[in-house]
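What follows is each chain in one-letter form.
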Amino acid sequence: MTTETPPRACTMQDAELLETEVLVEKPKRFVRESLAMPDGYELDWYYVDTPPSVLTVPVTADGELVMVRQYRHNLKRHALEFPAGTVNDGEDLAAAALRELEEETGCTLLPGAQLRPLGAYYSLPSETNKYTHVYLAQPVTISGPATGDTEIEKYFDMSVVRVPLAEAVAEIGAGINGTETVTALMLAWKVISSAK
């Protein structure tokens, strides 16, 4: 791939940070930064500042995906997603992925199985610095009920849904339309397909 680089103009990379203000601390940290551009233009930049996140693609021994159907208030609708959440201070990434898996689905890895890292990705670079570490958990078994976290998940109308892999891929753009979920699904599909 060849990329032509135009002459470098004044960019946000060159901005001077004048002030940082945390507008909302919890449950999501909203930040405003005042910037001064080298050409004198000043602007405010708003974004969601988040800790690292994990997302797990759980697959049962018979090849079904274990997903979470939950109400997303900002969308005013339910969404079909994989178990995911933020990493606690000092928490190991894989431990966080397994915790979220069990909290949101009641699933655990079968003995001898290990998480497989599928990479880490920025979720929505224009709006947040959220960096999500994606894992494949295969095979998993349902070992108890989903409990959710102790904070706000009790309000999300969450339920566990088992979906055959091919059906999930066919639902992209219809029943599955969140980019984090689509990305994780495609990464997992590639690994699972190549193992056959």
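Residues numbered from 1 in each chain as written. Predicted model: local features only at pLDDT ≥ 70, side-chain atom pairs only at ≥ 80, totals over all residues. Heavy atoms only, no water.

## What about the packing of aromatic side chains?
Which entries qualify depends on this criterion: Working definition: a ring pair exists when centres of Phe, Tyr or Trp rings (six-membered ring for Trp) sit within 6.5 Å. Plane angles under 30 degrees give stacked, over 60 give edge-to-face, the rest tilted. Exposed residues in this analysis have more than 50% of their type's maximum accessible area, buried residues have under 20%, and partly exposed residues fall in between, with area computed by a 1.4 Å probe over protein chains only.
One pass over the structure, following the stated rule, counts one aromatic pair. With 4.7 Å between their ring centres and 50° between their planes, Tyr122 and Tyr131 make a pair best called tilted. In this structure Tyr122 comes out as exposed when scored by relative accessible area, which is 52%.

## Quick word on the pairing of strand β10 (residues 131-142)
Where a strand is regular, its side chains alternate between the two sheet faces. Cut-off, in case you're wondering: A pair of strands is considered paired only if DSSP assigns at least 2 bridges between the two. Labels follow the DSSP assignment, with helices taken as runs of H or I lasting at least four residues and strands as runs of E lasting at least two, numbered in each case from the N terminus.
Sheet topology note: the strand β4 (residues 53-60)/β10 ladder contains seven bridges and is parallel. From the neighbouring strand, Val54 faces β10, where its bridge partner is His133. With three bridges joining them, strand β8 (residues 107-109) and β10 adopt antiparallel strand pairing. When the bridges of β10 are listed, Leu109 appears paired with Val140.

## Describing the sheet that holds strand β3 (residues 42-49)
To be explicit about the condition: To obtain an axis, a line is fitted to C-alpha atoms, over the contacting stretch when the element is a helix, and the angle between two such axes runs from 0 to 180 degrees between their N-to-C directions.
Sheet architecture is open: three strands sit in the order β1-β2-β3, paired in antiparallel fashion. Single-partner strands in this sheet number two, and they are β1 (16-24) and β3. Here the strands of the sheet are splayed against their neighbours by 20° on average, with no regard to which way each runs. Relative to strand β2 (residues 29-36), β1 runs antiparallel, the two sharing seven bridges. Across the sheet, Val24 pairs through a bridge with Phe30, a residue of β2.

## Some details on the nonpolar core
Here is the rule: In this text, buried Ala, Val, Leu, Ile, Met, Phe, Trp, Tyr and Cys residues form a nonpolar core when linked through side-chain atoms within 4.5 Å. Note on definitions: a residue-residue contact is assigned when non-hydrogen atoms from the two residues lie within 4.5 Å.
Core analysis: the largest hydrophobic core is formed by 19 residues, its most contacted members being Val57, Leu65, Met67, Phe82, Leu136 and Leu185. Tallying contributions element by element places helix α3 (residues 179-195) first for this core, with five residues. In this view, Leu136 contacts Val57, Val59, Gln114, Leu115, Arg116, Leu118, Ala188, Val191 and Ile192; residues no more than four positions away in its chain are not counted. Residues Val87, Leu101, Cys107 and Val140 belong to the second largest nonpolar core, which totals 13 residues.

## Regarding a nonpolar patch on the surface
Basically, it comes down to this: Each patch groups residues whose relative accessible area exceeds 30% and which form no salt bridge, using 9 Å between like charges and 5 Å between nonpolar side chains of Val, Leu, Ile, Met, Phe, Trp and Tyr. Using the Shrake-Rupley algorithm and a 1.4 Å probe, accessible areas are obtained, with residue cover drawn only from the displayed protein chains. For salt bridges, the criterion is a side-chain nitrogen of Lys or Arg within 4 Å of an Asp or Glu carboxyl oxygen.
Together, Leu23, Val24, Phe30 and Tyr46 line one region of the surface with nonpolar side chains, adding up to about 360 Å² of accessible area. In this fold, Tyr46 is placed in strand β3.

## Digging into the environment of Ile192
Checked against the element boundaries, Ile192 lands in helix α3. Sequence separation between Ile192 and Gly63 is 129 residues; the distance between their C-alpha atoms is 9.1 Å. In this structure Ile192 touches Val59, Leu136, Gln138 and Leu165, once residues within four positions along its chain are discounted.

## Focus on the environment of Leu80
Position of Leu80 among the secondary structure elements: in strand β6 (residues 77-81). Since its relative accessible area comes to 17%, Leu80 is described here as buried.

## A closer look at the side chain of His133
Note that His133 resides in strand β10. Judged by its relative accessible area of 16%, His133 falls in the buried class. Apart from residues no more than four positions distant in its own chain, His133 is found in contact with Pro52, Ser53, Val54, Leu55, Leu93, Gly119 and Ala120.

## A closer look at unusual backbone geometry
The omega angle of the peptide bond from Gln138 to Pro139 is -5°, so this bond is cis rather than trans. Relative to the helices and strands, Pro139 is located in strand β10.

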